Amino acid sequence: MLTAKGSSEEETHLKMPRISIFGLGYVGTVYAAGFASKKIEVIGFDIDEKKLKLLASGISPIYEPGLSELVKDCVHRDLLKTFSTAEDAVLNSDVTFITVGTPSNSDGSIDLKYITETSRVIGEALKKKDRWHLVTVKSTVIPGTTEKVVKKIVEAASGKIAYKHFGLGVNPEFLREGSAVEDFMTPDRIVIGVSDEKSKVELERIYSGFSCPKLVTNIRTAELIKYVNNAFLAAKVSFINMIANLCQKIPNCDVTAVAEGIGLDKRIGKHFLRAGAGWGGSCWLKDLNALTNFARKNGLTLPLIDATLQVNDMQPFVMVELARQLIGKLSNRRVVVLGLAFKPNTDDMREAISIKIVNMLLNEGAEVTVYDPAAISNAKEIFRDTVNYASSANDCIHNADCALIVTEWDEFKSLKPEDFVRHMRIPAVVDGRRIFSPQAFSSKLRFAAIGLGANEYFNPALAVNAMIVSDSEKILLVRRTIEPFNGLWSLPGGFVEHDETVEEALTREVEEETGLKIRPKQIFDVFSHPLRSPVKHVVTMCYLADVLGGSLKSSNESLEARFFSASEIPARLAFDHHEIVEKYMKSQREYWKTGQGLVYG
Ligand code: UGA
């Protein structure tokens, strides 16, 4: 027995038009399953027979969280079907949604080849139909396309007249990849673009089960709304990325706080203000290019959209520059990229910013290793054998000189500074998605992040200390007479400048402090001292080195430099180095006794 609610649902169901969906990509499949889940009969159609077969057997042809279950359920309940011909799909439905792709031509303009072909087959099917039918464009199309292209082709192929024998509508989608089902179920609004009452009533009926605002406009306005929506979102992200680049120049400034500060203003809103390595994905670049191209053809430039694109083009350079600031020249360095997909929870690498970053690193001569939890097989198609592929985040950072976070996967968020310190040859991290705590990371390793000003957390001047063990097994120390060292001996050292590697810095500092020229042979150890404040975070590096020449004469009057043999090393050394020297000497003694235990390299 039906309840009162049940009978009204039943009535709605009976009144609902049947829908056919042309194009089973991620938009088409989500809408097909989504409408079907609302008890509307849906027919899916695609020229790709593989997709049709999959859908017919209850399997979603694309991956989206929650979609497989929805498709399976709707096919099982006979609400979602497929037909193998376009004609059957049209003849067995009342409304057709066009959801085919609208790629770009090489000049950025919209390529309408799928739209025109689909319009033609729909028109041919309509020739055989004696009832009114509604054709609705859901694909993203430049204003005027539905009325100037779709309408004309359908009219020509069917021999019928628009608004008389068939209706016309535009109904843009605002689905995000990765949360498309959720976006379908709980939209912010529904935009209905129509120019006749019958089409309006039909589309409103289809969406009667949705409680969000429904905006009815004319066809061209609805077409434009979709572009403007994407353009505004992209502009918001580029805007905060531009500010992030400014924050990097201001000591103690952090773009995340700036974004929070402005996001709390209701007129601005907090969404889409996450600064980062740049935006990607199949839609924004294509849509922004199509829009500027359309404007140009209408004698207009869109400077804010040009700037939005320009800022996004800059972000990969910013990432590479931050890596350079941390470890110096990138040539022959092992640089790793964590995250390749254009955003988390997808394997989609279309227009992903990772592609530009990897290519820039390769151009710099770096040896690049990449990892992504989902996108590795897509990445292999793109990068082929130019990079190494890792099977996990830890595998990726192993022995690396610098790690770049490019996509904010949850898997990376759980990485601790210790993981980088343990695995990497030089623990250096560029956080391109602001997933790590600057305090926690910069106290343990070299750390830079998009939008993080040069402050106590970022170490533009990294301290280095060298233990120069000469060929005669003597250790070079310097004595500082100035406060607070009070005549204690210590390892020579200083700061790494932005444009040099740690090795270069050590060589330079040793020469400046002792007058000796050295050639580092092997790194003995690299670590941070936990007692050091983040402000003067010290990475101590010990080298086995060839002493090439020069004389023991410091350029600095307050320093005295001397070689010590093992038995003469002073018991108290400045800068906590005693421990290092002890460790080194212990391993030496082990080696001399057993021939094993040397820890170089
Ligand atoms: C986007 C729009 O959000 C959808 O409304 C639209 O329907 C879709 O394009 C489309 O035209 O089909 P999507 O491409 O799935 O959806 O991705 P978004 O979640 O919008 O993210 C786009 C890019 O911006 C990603 O690379 C993301 O990492 C980046 N982003 C986003 C940021 O860098 N910061 C942010 O604050 C937000």
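Scroll up for the structure.
Residues numbered from 1 in each chain as written. Predicted model: local features only at pLDDT ≥ 70, side-chain atom pairs only at ≥ 80, totals over all residues. Heavy atoms only, no water.

(A) Structural context of the overall build of the chain. Check the secondary structure of the chain and you find 21 helices and 21 strands. Across the 601 residues in the chain, those meeting the buried criterion constitute 53%. Counting only contacts in the chain whose residues sit at least 6 apart along the sequence, the fraction spanning at least 24 positions is 72%. On the chain, roughly 27200 Å² of surface is accessible, and the fraction owed to carbon and sulfur atoms is 54%. (Helix = DSSP H or I, 4+ residues; strand = E, 2+ residues; numbered from the N terminus. Buried < 20%, exposed > 50% of the residue type's maximum accessible area, 1.4 Å probe, protein only. Contact = heavy atoms within 4.5 Å. Areas by Shrake-Rupley, 256 points an atom, 1.4 Å probe, with all protein chains shown as cover.)

(B) Focus on the packing of helix 2 (residues 26-37) against helix 4 (residues 67-76). Two elements in contact, helix 2 and helix 4, have axes whose closest approach is 9 Å; the angle formed by their N-to-C orientations is 55°. By the angle class used here, helix 2 and helix 4 are oblique. Once helix 2 is placed against helix 4, the crossing between them reads as left-handed. Contacts from Thr29, Val30, Ala33, Gly34, Ala36 and Ser37 of helix 2 reach helix 4 at Leu67, Leu70, Val71 and Cys74. (Axes fitted to C-alpha atoms, helices over the stretch in contact; angles between N-to-C directions. Parallel < 35°, antiparallel > 145°, perpendicular 65-115°, else oblique. Left-handed = near helix turned anticlockwise from the far one by under 90°.)

(C) Structural detail: the site of the ligand. Neighbouring the ligand are 21 residues; Glu177, Lys226, Asn230, Phe342 and Lys343 lie closest to it. The side chain of lysine 226 places a nitrogen or oxygen atom 2.8 Å from an oxygen atom of the ligand. Note that an oxygen atom of the ligand is positioned 2.7 Å from one of the side-chain N or O atoms of asparagine 230. Summarising the interface, the protein chains cover 96% of the accessible area of the ligand, which totals 710 Å² for the free molecule. Mapped onto the shell around the ligand, the elements with two or more residues apiece are helix 10 (219-247) and helix 12 (284-297). Looking at which element gives the most residues to the shell around the ligand, the answer is helix 10, with 4 residues. (Near = heavy atom within 4 Å. Polar contact = N/O pair within 3.5 Å; in protein donor to acceptor, adjacent residues only side chain to side chain.)

(D) Looking closely at the nonpolar core. If you look at the biggest cluster of nonpolar residues, it comprises 78 residues, and the most contacted ones within it are Ile19, Phe35, Leu80, Phe97, Ile206 and Tyr207. With sequence-adjacent residues up to four places away left out, phenylalanine 35 is seen in contact with Ile19, Ile21, Ile40, Val42, Phe97, Phe184, Ile206 and Tyr207. Counting residues in hydrophobic clusters, the runner-up holds 70 residues, among them Ile243, Ala244, Leu273 and Ile405. (Core = buried A, V, L, I, M, F, W, Y, C linked by side-chain atoms within 4.5 Å.)

(E) Local environment of the pattern of salt bridges. For the structure shown, the criterion picks out 36 salt bridges. Between glutamate 117 and arginine 120 there is a salt bridge, with its nearest N and O atoms 2.5 Å apart. Here glutamate 117 pairs with arginine 120, and both are found in helix 6 (residues 113-127), just 3 residues apart, close to one helical turn. We classify glutamate 117 as partly exposed; its relative accessible area is 38%. Arginine 120 gets classed as partly exposed once you look at its relative accessible area, which sits at 32%. (Salt bridge = Lys/Arg side-chain N within 4 Å of Asp/Glu carboxyl O.)

(F) Geometry of the packing of aromatic side chains. Throughout the structure, instances matching the rule amount to 16 aromatic pairs. Taking the centre distance of 5.1 Å and the plane angle of 85° together, the rings of tyrosine 31 and phenylalanine 184 count as edge-to-face. With tyrosine 31 in helix 2 and phenylalanine 184 in helix 8 (residues 180-185), the pair connects residues that are 153 residues apart, well separated along the chain. Residue tyrosine 31 shares its accessibility class with phenylalanine 184, and that shared class is buried. Centre to centre, the rings of phenylalanine 420 and phenylalanine 436 are 5.8 Å apart; their planes meet at 75°, and the pair counts as edge-to-face. With a gap of 16 residues between them, phenylalanine 420 in helix 18 (residues 417-423) and phenylalanine 436 in the loop between strand 13 (428-431) and helix 19 (438-442) connect regions that are remote in the sequence. The buried category is assigned to phenylalanine 436, whose relative accessible area is 6%. The structure contains a cluster of three or more aromatic residues connected by ring pairs, namely Tyr31, Phe35, Phe97, Phe184, Tyr207 and Phe210. Of note, arginine 189 hangs over the ring of phenylalanine 174, and the distance from its end group to the ring centre comes to 3.6 Å. (Phe/Tyr/Trp six-rings, centres within 6.5 Å; stacked < 30°, edge-to-face > 60°. Lys NZ or Arg CZ within 6 Å of the ring centre and 35° of its normal.)

(G) Representation of the environment of histidine 271. The residue histidine 271 is located in the loop between helix 11 (255-263) and helix 12 in this model. Among the residues examined, histidine 271 registers a relative accessible area of 55% and is labelled exposed. Through-space distance from the C-alpha of histidine 271 to that of leucine 233 is 9.1 Å; in sequence the pair is 38 residues apart.

(H) Representation of the sheet that holds strand 8 (residues 214-217) within the structure. Here 8 strands make up an open sheet; going across it, the order is 3-2-1-4-5-6-7-8 and the pairing mixed. Edge strands, defined here as strands with exactly one partner in the open sheet, are strand 3 (80-82) and strand 8. For this sheet, the mean angle separating the axes of adjacent strands, direction not counted, is 25°. Across 4 bridges, strand 1 (residues 19-22) lies against strand 2 (residues 42-45) in parallel orientation. Bridging across to strand 2, serine 20 finds its partner in isoleucine 43. The strands that helix 2 touches are strand 1, strand 2, strand 3 and strand 4 (95-98); relative to strand 1, the one it contacts most, it runs at about 165°. Sheet strands in contact with helix 3 (residues 49-56) are strand 2 and strand 3, and its direction is about 145° off that of strand 3. (Pairing = 2+ DSSP bridges.)

(I) Quick look at the side chain of serine 60. With respect to the helices, strands and loops of the structure, serine 60 is situated in the loop between helix 3 and helix 4. At a separation of 2.6 Å, a polar atom in the side chain of serine 60 contacts the main-chain carbonyl oxygen of isoleucine 62. The contact partners of serine 60, leaving out residues within four places of it in the chain, are Thr29, Leu67, Ser68 and Val71.

(J) Representation of the environment of glycine 451 within the structure. Its location among the elements puts glycine 451 in the loop between strand 14 (446-449) and strand 15 (462-469). A sequence separation of 198 residues divides glycine 451 from cysteine 253, and the C-alpha atoms of the two residues are 7.9 Å apart. Not counting chain neighbours up to four residues away, the residues in contact with glycine 451 comprise Ala244, Cys247, Gln248, Cys253, Asp254, Val255 and Arg434.

(K) Looking closely at helix 2. Its 12 residues give helix 2 an end-to-end C-alpha distance of 16 Å, which sits within 8% of 16 Å, the value for a rise of 1.5 Å per residue. In terms of residue burial, helix 2 counts as a mostly covered element, since 11 of its 12 residues are buried. A positive phi of about 65° marks lysine 39, the residue just after helix 2. (Expected span 1.5 Å × (residues − 1).)

(L) The pairing of strand 2, seen in detail. Alternating residues of strand 2 divide into Val42 and Gly44 and Ile43 and Phe45, and every residue in both groups is buried. Where the polypeptide runs from strand 1 across helix 2 and back to strand 2, its parallel neighbour, the crossover connection is right-handed. Note: strand 2 against strand 3, 3 bridges, orientation parallel. Looking at strand 3, one finds that isoleucine 43 is bridged to lysine 81. (Right-handed = clockwise from strand over helix to strand, strands pointing away.)

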